[in-house]
Amino acid sequence: MAESARPTAASEEPPRPLVIGDPFPAMTVATTHGTLTLPDHYRGRWFVLFSHPGDFTPVCTTEFLSFQRHLPEFQKMNTELIGLSVDQVYAHLKWVEWIQQKFGVPITFPIIADPLGEVARRLNMLPKASPRTVRAVFIVDDEGIVRLILSYPENVGRNIPEIVRAVRALRVAKEERVSTPANWPHNEWIGANVFVPPAGSVAEIQKRMEQLKKGEIQCYDWWMCYRPPTGRSDG
């Protein structure tokens with residue numbers, strides 16, 4: 001059974017901060033869509049959990065609007081969104097209602113209520129000497145493994161298209177066993193291509209050269225070879 005998120009007592013050791021490759025910790029949370037158990041609720045799907053310092057704040061409101069606008073792009077990649085803010089469910093519901101009234105945009109993803117900061121502490125989202133959460137982003141894969149962690153201060157809004165791009169790159173990297181270059185899929189040198197794993201032996205170097213001759217890959221050298229993604233995992 002999943003554990004409920006709970007505050008850390010003064011006598012307890014604080015939880016070790018999550019790192020990339022960790023399983024997302026099991027917890028039961030109250031949301032605007034009812035009680036959810038994470039990460040099991042999203043098993044078989046990727047999800048992006050993003051936190052906010054509070055409801056009814058200008059930066060958070062613009063982020064919610066942008067996340068909602070990009071939601072179809074996430075869902076095309078089998079990825080769901082779940083927000084988090086320190087306020088209670090009732091405040092979340094009123095904030096969502098206000099956003100729809102003022103901007104005509106319904107917020108359709110769930111929002112976790114974290115009035116005591118239990119989830120924020122569990123996920124190490126509290127900055128030094130502050131009770132307010134940072135703007136954290138956790139991208140979790142379809143097996144419940146943390147694949148990316150971002151943290152922004154509360155006075156800097158996030159770039160939502162970059163989070164869309166990151167999910168796309170992570171999915172391609174995981175499912176095709178490749179790596180993506182800087183600014184992918186718009187890299188200045190290899191465009192939307194992806195890197196195949198560097199050769200680790202003489203036999204693999206020879207294999208890379210054979211692939212190069214056949215036109216299966218392109219190379220700057222045997223340790224820097226690339227090819228187009230297959231497209232099966234991209235959306």
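Since this is a predicted model, take the numbers as computed values, not measurements.

A.B. asks: How should the side chain of His 92 be read in this particular structure?
C.D. replies: Tracing the backbone shows His 92 in helix α2 (residues 89-103). A residue is classified by how much of its surface remains accessible, and His 92, at 0% relative accessible area, is buried. Of the polar contacts made by the side chain of His 92, one reaches the backbone oxygen of Asp 87; its length is 3.3 Å. Residues within four places of His 92 in sequence aside, it is in contact with Thr 32, Asp 55, Ser 85, Asp 87, Ile 111, Ile 112 and Ala 113.

A.B. asks: Any chance you could explain the state of the cysteines here in plain terms?
C.D. replies: Here, disulfide denotes a covalent bond that connects the sulfur atoms of two cysteines. Applying the stated criterion across every chain, the model contains 1 disulfide. In this model Cys 219 forms its disulfide with Cys 225; the gap between the sulfur atoms is 2.1 Å. Judged by the sign of its S-S torsion, about 105°, the cystine formed by Cys 219 and Cys 225 is right-handed.

A.B. asks: Would you mind showing me how to read the pairing of strand β9 (residues 218-221) here?
C.D. replies: Consecutive residues of a regular strand have side chains that alternate between opposite faces of the sheet. Relative to strand β10 (residues 224-227), β9 runs antiparallel, the two sharing 3 bridges. Across the sheet, residue Asp 221 finds its bridge partner in β10, namely Met 224. What sits between β9 and β10 in their antiparallel hairpin is a turn of 2 residues.

A.B. asks: It is not clear to me how the packing of helix α1 (residues 58-76) against helix α4 (residues 160-176) should be interpreted in this structure. Could you clarify?
C.D. replies: How two helices sit against one another is set out by the angle between their axes and by the gap between those axes. Contact pair α1 / α4: the axes reach a minimum separation of 10 Å and the direction vectors enclose 20°. Relative to α4, the element α1 lies roughly parallel. The two elements α1 and α4 meet at a crossing, and its hand is right-handed. Together, Ser 66, Phe 67, His 70, Glu 73 and Phe 74 of α1 and Ile 160, Pro 161, Ile 163, Val 164 and Val 167 of α4 make up the contact between the two elements.

Rules behind the numbers
- Residues numbered from 1 in each chain as written.
- Predicted model: local features only at pLDDT ≥ 70, side-chain atom pairs only at ≥ 80, totals over all residues.
- Heavy atoms only, no water.
- Helix = DSSP H or I, 4+ residues; strand = E, 2+ residues; numbered from the N terminus.
- Buried < 20%, exposed > 50% of the residue type's maximum accessible area, 1.4 Å probe, protein only.
- Polar contact = N/O pair within 3.5 Å; in protein donor to acceptor, adjacent residues only side chain to side chain.
- Contact = heavy atoms within 4.5 Å.
- Disulfide = S-S within 2.5 Å.
- Pairing = 2+ DSSP bridges.
- Axes fitted to C-alpha atoms, helices over the stretch in contact; angles between N-to-C directions.
- Parallel < 35°, antiparallel > 145°, perpendicular 65-115°, else oblique.
- Left-handed = near helix turned anticlockwise from the far one by under 90°.

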